[in-house]
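Chain by chain, the residues run as shown.
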Amino acid sequence: MLRVHDLTRRFGRLMALDHVSFEISAGTIHGLIGPNGSGKTTFFNLVTGFLPANEGKVFWDGRDVTGLPPHRISRLGLARTFQNTSNYARLTVRENLVIASRNHIESSALARMLHLRSARSEEARHGRSADALLERFGMRDLADVQAAQLPGGTQKILGVAIALSTNPRLVMLDEPLAGLNTGEKAQLMTILRGLCADGLTLLLIEHDMKAIMQACDRITVLSYGTLLAEGTPEEISRDPATIKAYLGTEVA
Amino acid sequence: MLDINVMQIVINFLSLSAFYGLFAVGLALIFGVMKVVNFAHGEFFMLGGYALWLLLAAMPGVPLWLVFLIALVAGPLAVAVLGMLVERLIFEPTSDNVFGGFIASLGLSYVLQAVAVLCFGVVSKSLPVMVPGQIQIGGGTLTYQRLVVILGAVAMMVALYYFLYRTRSGRAVRAASQNRDAALLQGIDLRRVGLMTMAIGAAMAAVSGVLMGSVINVSPYMGLEAIWKAFIVVIVGGLGSIPGAIVAALLFGLIDSIATTLGYGQYVVIIDTVIMLVVLAFFPRGLLGREAPPLDQGQVAADDAGQVRPSRAMAGVLALAGAALLAGYPLLASPYYIGVGILFLINLILVISYRTVITMGGWSFAHITMLAIGAYATGMLQSRLGLSFWAILPLSGLVAAVVAVAIAVPVMRTRQFYFFLSTFAAGEAIRQCFIQFRGVFGGIEGIPFLSPPEDLFGLSFMDTTNYFYLALVVCVVSGCLLYLFDISRTGRTIRAMSENENLSGAIGLDAFSLKILAFALGAFFAGCAGSLFAGYNGFVAPTDFTTQFMFKIIAAVVIGGNRSFWGPILGLLVLTLIEELLIDANQLIPLFWGLTIIFTVLFIPAGLEGLVSRCLARRPLRKWRPISDRRDRDATRA
Ligand SMILES: Nc1ncnc2c1ncn2[C@@H]1O[C@H](COP(=O)(O)OP(=O)(O)OP(=O)(O)O)[C@@H](O)[C@H]1O
Ligand SMILES: [Mg+2]
């Protein structure tokens, strides 16, 4: 579904990503792990068009999407979240999701600019879908709360909900569990597995090994920008290079 | 005339670059450390010029060179003290909101100009040449005065270099400009560094003022003319980069010297701007601008989150009452006040449409230029094509929108200060086009003798009362359309987008197009206002579209507040009242406007609208809530 080929990005002399190639197949939960600074977020930024790649190509459904701007990537059904909380702080939770429903829009541009009935009723529909999504996240009663007023963990979850509102087929999550408490973590993982059962594909960056090993179908390991290993959770947990990379950083 | 005097080009190049460099490096230094563009830098320069003039007047009979030397020491010292005062009173209190600091410095610039006018008069003073004489070098003429400028600039650069790289304080300044947080951790006193930087930057501006005082005439507005060049230089060089400023100063010195020597001196502003736009199109952060994190995000102030707004019904009632009041206004007012009313309505269209531009996250300085384009389009379409005013009115708006899109394409990739400064430069260049391309636009005289709109429904628009109603209708229609846009899904999306551009890209919003939409829409209505303006005046003159006019629009938005649709209207009302109350002492108007701006930025940052909604909420003061974890670092970087 998503395939990257020789993806490379340098920051000055630093090789943040060095000829990385792998593939994510539809309907799976794919994990992307690696020590701090190994290039995971850079990978996201390259795939979603936030940074230009120095070399390499990104294929989405067989189509070359390298170098497309972020909004074009998003419109193709590839959503992402950010490592830090990211939302529209001044808007309410529901408004955040409605804004993020842009890819569902069918009314004409003029109707949306002049606040005509067709645009208004469409927006109301998007509001109802937003409520349905919030229901799923157990945040229905927070719909009218301003995003800035939510606690940090809830804002993180809101980020995932925003990504899901964009009508994606693949969602790339950058450390969604960081900053959540144990209960929230379990809840979010259940939701994510449910989404996957509904046919969504997930790419998950995570430092929480237990969660990753339980949830993922396949795992890719990065270290210093290079692809270290790839395989099922069992294979990865036994892979000597991976163990060394993680132990190495712990010693350092 | 193919006999080009290369030596003269070189000499002019050196002396121009010296002046640009001296002036712009101070600006770059201040930006580097404080991250704020000091708009009043030009006024520091002007004060340097006046220092020389004052000393000349105070010491008759003393040899010129001695006065000159004294001025070179005393002028910068006095201005440095002023600079430190400005740092303490304006930049330090606004250090968490650099854009506020910038707007306040804009206010300060007007205050200083007004003070200069009050103390010294509007008329420019021509000073005697301080260092008379000249030498011939290889066929070129170098006056000693220019030689002094060149030597002075070189001396200042060497001194600055020595200070920055060889002294303890200089190292602190450099550390602070590289990374404020890290500098703080190292125990550097940022307040002291700020004071020092402002003192040095202001002194450098004053030195160039003293040096240039007898080359160009000293006048209250000399700073405004000079700062334009400094902006171009620091934008092209890269904001905050001293080497960048020097490189760009050399570049523009060369270009300007070639253009002037070849006899194209009057096109310099236009040429420079085109170069700037080209550079920005490829290097949105200037030639040597430090590569900031590629995904850095403008600051998000969740300041008035949870603010109470007047309900929509209440706003509607107030708007209706306002419109009714305006409709009855000509029945009560004298012809003079009907004229004031017409201009008020035109300004009203301008501030409302300006707010539409701002919602996309950039403060344009070219809005009055859009008014000018509308006015010129009206003049040309009427005098050349003989179209009816009623066709011209929307066409003028369209022309302005098209020009807006054209300049937006390079400019819109820039952010914050770059956007403001580059629109400032682009606006000035377009105004220069109107003046310089005499054959097309009529030069400084503009386009005279426009006929008023054709009669409609038996109403003649020669009659000012009828013209007032015409303006009112256009204003109400524009207001309603822009209000609809403001509450529409697209309008709200644009406002949200400006708050978090990264996220907007990730959810499929095309930020670039949305910004251009807001910019062009604002320009369209400003262009229509320009058409009304031209029709009312009966002529179009480039001198009507001044920086002061632009300042009024910005002031209205700052004073009123820009969060809601109504803020700028409130602000314009206040400004117009000040203007009419001070009608007999109109030199005081810019002074009061400037002071009001500074006061607003420092004490009511949400503007009058914030005050009003606070009163409506009947809560004396909202509980202060810390902005949850550094939201401005929304970037995707780890
Ligand atoms: N915009 C940038 N400019 C310069 N260097 C960068 C930039 N973004 C990332 N880097 C560097 O690239 C390397 C990889 O960073 P990246 O953010 O991709 O790591 P990561 O795997 O996401 O780490 P973490 O687990 O801490 O989030 C790091 O050394 C980082 O310092
Ligand atoms: Mg990361």
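Residues numbered from 1 in each chain as written. Chains lettered and ligands numbered in written order. Predicted model: local features only at pLDDT ≥ 70, side-chain atom pairs only at ≥ 80, totals over all residues. Heavy atoms only, no water.

## Thoughts on a positive patch on the surface
Okay, step 1: Together, Arg166(B), Arg168(B), Arg171(B) and Arg192(B) make up a region of like positive charge exposed at the surface.
Okay, step 2: Within the element layout of this structure, Arg166(B) appears in helix α5 (residues 144-166). (Patch = residues over 30% accessible without salt bridge, like charges linked within 9 Å, V, L, I, M, F, W, Y side chains within 5 Å. Areas by Shrake-Rupley, 256 points an atom, 1.4 Å probe, with all protein chains shown as cover. Salt bridge = Lys/Arg side-chain N within 4 Å of Asp/Glu carboxyl O. Lys, Arg positive; Asp, Glu negative; His and termini not counted. Charge placed at Lys NZ, Arg CZ, Asp CG, Glu CD. Helix = DSSP H or I, 4+ residues; strand = E, 2+ residues; numbered from the N terminus.)

## A look at the domain arrangement of chain B
All names here are of chain B.
Okay, step 1: Splitting chain B by domain gives domain 1 (6-282) and domain 2 (345-580).
Okay, step 2: Taking only C-alpha atoms, the centre of domain 1 and the centre of domain 2 are 32 Å apart.
Okay, step 3: Counting from both sides, the interface comprises 30 residues of domain 1 and, opposite them, 24 residues of domain 2.
Okay, step 4: Taken over both partners, the interface formed by domain 1 and domain 2 buries close to 2500 Å², and the fraction arising from carbon and sulfur atoms is 85%.
Okay, step 5: Counting across the interface, domain 1 meets domain 2 through 0 salt bridges.
Okay, step 6: There are 2 residue pairs in polar contact (both at pLDDT 80 or more) connecting domain 1 and domain 2.
Okay, step 7: Secondary-structure elements contributing two or more residues to the side of domain 1 that touches domain 2 are α4 (98-120), α9 (222-237) and α11 (268-282).
Okay, step 8: In terms of residues, the side of domain 1 that touches domain 2 owes the most to one element, α4, which gives 8 residues.
Okay, step 9: Among the residues forming the side of domain 1 that touches domain 2, the class breakdown is 24 nonpolar, 5 polar and 1 charged. (Domains from an automatic or database assignment. Contact = heavy atoms within 4.5 Å. Buried area = accessible area lost by both parts, 1.4 Å probe. Polar contact = N/O pair within 3.5 Å; in protein donor to acceptor, adjacent residues only side chain to side chain. Nonpolar A, V, L, I, M, F, W, Y, C, P; charged D, E, K, R; others polar.)

## Quick word on the sheet that holds strand β6 (residues 78-80) of chain A
Residues and elements named next belong to chain A.
Okay, step 1: Sheet architecture is open: 6 strands sit in the order β6-β7-β8-β3-β9-β10, paired in mixed fashion. Looking at the sheet topology across the chains shown, the edges are occupied by β6 and β10 (226-231). Averaged over all pairs of adjacent strands, the angle between strand axes in this sheet comes to 15 degrees, irrespective of strand direction.
Okay, step 2: Where strand β3 (residues 29-33) lies against strand β8 (residues 201-205), 4 bridges are found, and the strand directions are parallel. Paired with His-30 across the strands is Leu-203, a residue of β8.
Okay, step 3: Against the sheet, helix α1 (residues 40-47) touches β3, β6, β7 (170-174), β8 and β9 (218-223), its axis set at about 145 degrees to β7. (Pairing = 2+ DSSP bridges. Axes fitted to C-alpha atoms, helices over the stretch in contact; angles between N-to-C directions.)

## A look at the site of ligand 1
Okay, step 1: Close to ligand 1 lie 16 residues; Gly37(A), Lys40(A), Thr41(A), Thr42(A) and Gln83(A) are nearest.
Okay, step 2: What surrounds ligand 1 is not a single chain but chains A and B.
Okay, step 3: Taking Asn36(A), its side chain carries an N or O atom lying 2.9 Å from an oxygen atom of ligand 1.
Okay, step 4: At 2.9 Å, a side-chain N or O of His207(A) approaches an oxygen atom of ligand 1.
Okay, step 5: When ligand 1 sits alone it has 630 Å² of accessible area, and the protein chains cover 75% of it.
Okay, step 6: For the shell around ligand 1, the secondary-structure elements that each account for two or more residues are β2 (14-24) and α1 of chain A.
Okay, step 7: Per-element accounting of the shell around ligand 1 gives the leading share, 3 residues, to α1(A).
Okay, step 8: Class assignment for the residues of the shell around ligand 1 results in 5 nonpolar, 8 polar and 3 charged. (Near = heavy atom within 4 Å.)

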